[in-house]
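Chain by chain, the residues:
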Amino acid sequence: MLKIRDLHVSYGNIAALRGISLDVGKSEIVAVIGPNGAGKSTLLLAIAGVVRARAGSVEFDGRAITGQQPEALVTTGLSLVPEGRHIFGSLSVAENLRLGATVRRDRQEVARDIDRVLAMFPILRERYRQRANKLSGGEQQMLAIGRAMLARPRLLLLDEPSLGLAPLIVAQIYEAVRALRDQGVTALIVEQNVGRALSAADRTYVLSSGVIAMSGKSAEFAGNAAFDAAYFGVAEAAR
Ligand SMILES: Nc1ncnc2c1ncn2[C@@H]1O[C@H](COP(=O)(O)OP(=O)(O)OP(=O)(O)O)[C@@H](O)[C@H]1O
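Quick notes on the rules
- Residues numbered from 1 in each chain as written.
- Predicted model: local features only at pLDDT ≥ 70, side-chain atom pairs only at ≥ 80, totals over all residues.
- Helix = DSSP H or I, 4+ residues; strand = E, 2+ residues; numbered from the N terminus.
- Rg over C-alpha atoms; globule rule 2.2 N^0.38 Å.
- Buried ≥ 20, exposed ≤ 12 C-beta atoms within 10 Å, placed from the backbone.
- Contact = placed C-beta atoms within 7 Å.
- Near = placed C-beta within 6 Å.
- Nonpolar A, V, L, I, M, F, W, Y, C, P; charged D, E, K, R; others polar.
- Expected span 1.5 Å × (residues − 1).
- Arc of directions from axis to C-beta.
- Pairing = 2+ DSSP bridges.
- Axes fitted to C-alpha atoms, helices over the stretch in contact; angles between N-to-C directions.
- Core = buried A, V, L, I, M, F, W, Y, C linked by C-beta atoms within 7 Å.
- pLDDT = per-residue confidence, 0-100.

Looking at an unreviewed UniProt entry, the protein chain carries the name ABC transporter ATP-binding protein, with the source organism given as Taklimakanibacter albus.

Give me the lowdown on the overall build of the protein chain, citing residues and values where you can.
Scanning the protein chain for helices and strands turns up nine helices and ten strands. In summary, the protein chain has a C-alpha radius of gyration of 17 Å against a globular reference of 18 Å for 239 residues, a match within 12%. With the C-alpha coordinates of the protein chain rotated into their principal frame, the extents come out at 50 × 35 × 30 Å. For the protein chain, with 239 residues in total, the buried portion stands at 42%. Of the contacts made within the protein chain by residues no fewer than 6 positions apart, 68% connect residues no fewer than 24 positions apart.

Describe the site of the ligand, listing the residues and the values that go with them.
Around the ligand sit Y11, I14, A16, G34, N36, G37, A38, G39, K40, S41, T42 and Q192, and that is every residue in its neighbourhood. Elements with a contribution of two residues or more to the shell around the ligand: β2 (14-24) and α1 (40-47). Here the element with the most residues in the shell around the ligand is α1; it accounts for three residues. Here the shell around the ligand is composed, by residue class, of four nonpolar, seven polar and one charged.

Can you tell me about helix α7 (residues 167-182), naming the residues and giving the values?
Over its 16 residues, α7 runs 23 Å from end to end, which matches the ideal 22 Å to within 8%, given 1.5 Å per residue. Considered for burial, the residues of α7 that qualify are V170, I173, Y174 and L180. Axial view of α7: buried residues confined to an arc of 110°, hence all on one face. Every exposed residue of α7 that faces more than 90 degrees away from the buried side is listed here: L168, E175, R178, A179 and D182. As for α7, its buried residues are in contact with α6 (137-149), β7 (155-159), β8 (186-191) and α8 (194-200).

Explain the sheet that holds strand β6 (residues 78-81) residue by residue, including any values.
Across the sheet, which stays open at both edges, the six strands sit in the order β6-β7-β8-β3-β9-β10 with mixed pairing between neighbours. In this open sheet, the two strands that pair with only one neighbour each are β6 and β10 (211-217). The average undirected angle you get between the axes of adjacent strands in this sheet is 15°. α1 contacts β3 (29-33), β6, β7, β8 and β9 (203-208) of the sheet and is inclined by roughly 150° relative to β7.

Break down the nonpolar core for me, with residues and values.
One finds L156, L157 and I189 to be the most contacted residues of the largest nonpolar core, which totals 72 residues. If near-sequence neighbours (up to four positions away) are discounted, L156 is found in contact with S79, V81, A148, L180, V185 and A187.

Residue-level account of α1, with values.
Among the eight residues of α1, seven are classified as buried, and the element is accordingly described as predominantly covered. Taken together, the buried positions of α1 are K40, T42, L43, L44, L45, A46 and I47. After α1 finishes, the residue G49 shows a positive phi value of roughly 85°.

I'd like to hear about the environment of A48, residue by residue, with values.
Inspection of the secondary structure assignment puts A48 in the loop between α1 and β4 (55-60). Since 22 C-beta atoms lie within 10 Å of it, A48 is described here as buried. With residues up to four places along the chain from it excluded, the contact list for A48 reads P70, L73, L78, L80 and L157.

An account of the confidence of the model for the protein chain is needed here, citing residue identities and associated values.
Confidence in the prediction for the protein chain averages 91 pLDDT; 96% of positions are at 70 or higher. The ipTM, which scores confidence in the relative placement of chains, is 0.95 for this predicted complex, and the corresponding pTM is 0.92.

Lay out unusual backbone geometry in plain terms, naming residues and giving numbers.
With glycine set apart, most residues show a phi of negative sign, and most peptide bonds adopt trans. Positive phi, close to 65°, is recorded for S27, a residue that is not glycine. Mapping S27 onto the fold places it in the loop between β2 and β3.

Which residues make up the sheet that holds β2, and what values do they have?
Pairing in this open sheet of four strands is antiparallel, and the strands run β2-β1-β4-β5 from one edge to the other. At either end of the open sheet lies a strand with only one pairing partner, and these are β2 and β5 (63-64). Each of β1 (2-11), β2 and β4 is contacted by α1, which is oriented at about 65° to β2, the strand it contacts most.

Please set out the pairing of β9 residue by residue, giving values where relevant.
Burial analysis of β9 places five of its six residues in the buried class, the great majority of the element. Pairing of β3 with β9 involves four bridges; the strand directions are parallel. In the strand pairing of β9, V30 is matched with R203. Relative to β10, β9 runs antiparallel, the two sharing six bridges. Bridged to R203 within β10 is K217. Hairpin connection of β9 to β10: two residues between the antiparallel strands, including S209 at a positive phi of 45°.

Spelled out as structure tokens, the structure:
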């Protein structure tokens, strides 16, 4: 579904991604882990068209999407849930959700999709008319995912969904990601929470200083000395 080849992204003279190649198959959950500054957010931003690639290619469903605008990519089925959630604090939960559907014209289907989101995250039903800045961090993360779902994505890009959240809330968020996968939504997730990433993802890539240090089936990573060396080695080197 997603095919990235030799992707390079720079901010001025800082090379954030230095030749990334990565694949995500339909209905897979794939994680990208790595320490602070490894380039994880840049990777998602480049896929979503928010930052420009200096070289390399990104294909989505067999079509080259490199260099396309984020708005155009949303209509092709690609939704980003950015780090920090970027919800609108002064708007209600209902208004934030509807903003996710601005590219759609099928109003009745939108109402049905809002109902699906509220069924997935029942706390948002209780908070439906409240301003989003009154929500807890976990509720805001649920709202951000719900808003992304309103665009009916086939591929969901999640940037650190567990950041700053209590384990019970993180478990709920990942439960939702799995439920979405069962409905046919593919997910590429960036995480610093290694344990959570490995338990949720079918396959995992380790990103270090803008390059892929290791990749494979997540189940084979746990307790694997080569993985520990690759991951903790790069994490240590990044300190
Ligand atoms: N807007 C920017 N301008 C300049 N440099 C940037 C910018 N955004 C990121 N960088 C640099 O690019 C590199 C990769 O950053 P990126 O945020 O993608 O890493 P990350 O793995 O997501 O880290 P974190 O977990 O801290 O978000 C870092 O060296 C960072 O300082």
